[in-house]
Amino acid sequence: MTMTPRCNTRKAPGQAYMPLIPSKRTILKVFTSSDTIGVEVAGAVKNVIAIAAGICEGLGLGTNSMAALVTRGCSEVGTARVIRSN
């Protein structure tokens, strides 16, 4: 499954795409948001975590290290989301 954000300051255009995507065995999931800055920052942080995961894999640190890295990375993204919303 592939997930992608659809960011727009108006909610209606993002919702218009939803019926075009089949609901059974969907391989593409579109999330709509009006928070342009939040989507951009989350994408950048996701890329940093992906680079760190590649380094972890390249160094042969194992699955436990990879799991810890991804778990902490996702936690940090969630923390940034809470801070931004306050």
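Residues numbered from 1 in each chain as written. Predicted model: local features only at pLDDT ≥ 70, side-chain atom pairs only at ≥ 80, totals over all residues. Heavy atoms only, no water.

## Notes on the overall build of the chain
Note the threshold: Only DSSP runs of H or I with at least four residues qualify as helices, and only runs of E with at least two residues qualify as strands; both kinds are numbered from the N terminus onward. Any two residues having at least one pair of non-hydrogen atoms within 4.5 Å are treated as being in contact. Residue burial considers only the protein chains on display, and all accessible areas are found by Shrake-Rupley using a 1.4 Å probe.
Scanning the chain from terminus to terminus reveals three helices and two strands. Residue pairs at least 24 apart in sequence account for 65% of intrachain contacts in the chain once pairs closer than 6 positions are excluded. Summed over its atoms, the accessible surface of the chain is roughly 6800 Å², and 64% of this surface lies on carbon and sulfur atoms.

## Comments concerning the environment of valine 45
Within the fold, valine 45 resides in helix α2 (residues 36-58). Each C-alpha atom, one on valine 45 and one on cysteine 74, is 9.4 Å from the other, the two residues being 29 residues apart in sequence.

## Describing the pattern of salt bridges
Spelled out, the test is: Basic side-chain nitrogens of Lys or Arg form a salt bridge, by our definition, when they fall within 4 Å of a carboxyl oxygen of Asp or Glu. Burial classes follow relative accessibility: with a 1.4 Å probe on protein chains only, a residue under 20% of its type's maximum area counts as buried, one over 50% as exposed, and anything between as partly exposed.
Counted according to the given criterion, the structure contains one salt bridge. One salt bridge connects arginine 72 with glutamate 76, and the closest N-O pair in it is separated by 2.8 Å. Of this pair, arginine 72 and glutamate 76 are both found in helix α3 (residues 63-85), four residues apart, which corresponds to roughly one turn of the helix. Overall, the relative accessible area of 44% leaves glutamate 76 in the partly exposed class.

## Points about α2
Counted only if it meets this: By this rule, a helix spans an expected 1.5 Å times one less than how many residues it contains.
Its 23 residues give α2 an end-to-end C-alpha distance of 33 Å, which sits within 8% of 33 Å, the value for a rise of 1.5 Å per residue. For α2, the full list of buried residues reads Gly38, Ala53 and Cys56. With its phi angle positive at about 70°, glycine 60 sits one or two positions after the end of α2.

## Focus: a nonpolar patch on the surface
Defined as follows: Patch membership needs two things, relative accessible area over 30% and no salt bridge, and members are linked within 9 Å if like-charged or within 5 Å if nonpolar (Val, Leu, Ile, Met, Phe, Trp, Tyr).
A cluster of nonpolar side chains, Ile51, Ile55, Leu59 and Leu61, forms an exposed patch at the surface whose accessible area comes to about 420 Å². Inspection of the secondary structure puts isoleucine 51 in helix α2. Residue isoleucine 51 is classed as exposed on the basis of its relative accessible area of 55%.

## Focus: the confidence of the model for the chain
Under the convention used in this document: pLDDT expresses, on a scale from 0 to 100, how confident the predictor is about each individual residue.
Taken over all residues, the pLDDT of the chain has a mean of 77, while the share at 70 or more is 60%. Between the elements of the chain, mean pLDDT differs from a low of 56, seen in helix α1 (residues 11-17), to a high of 88, seen in α2.

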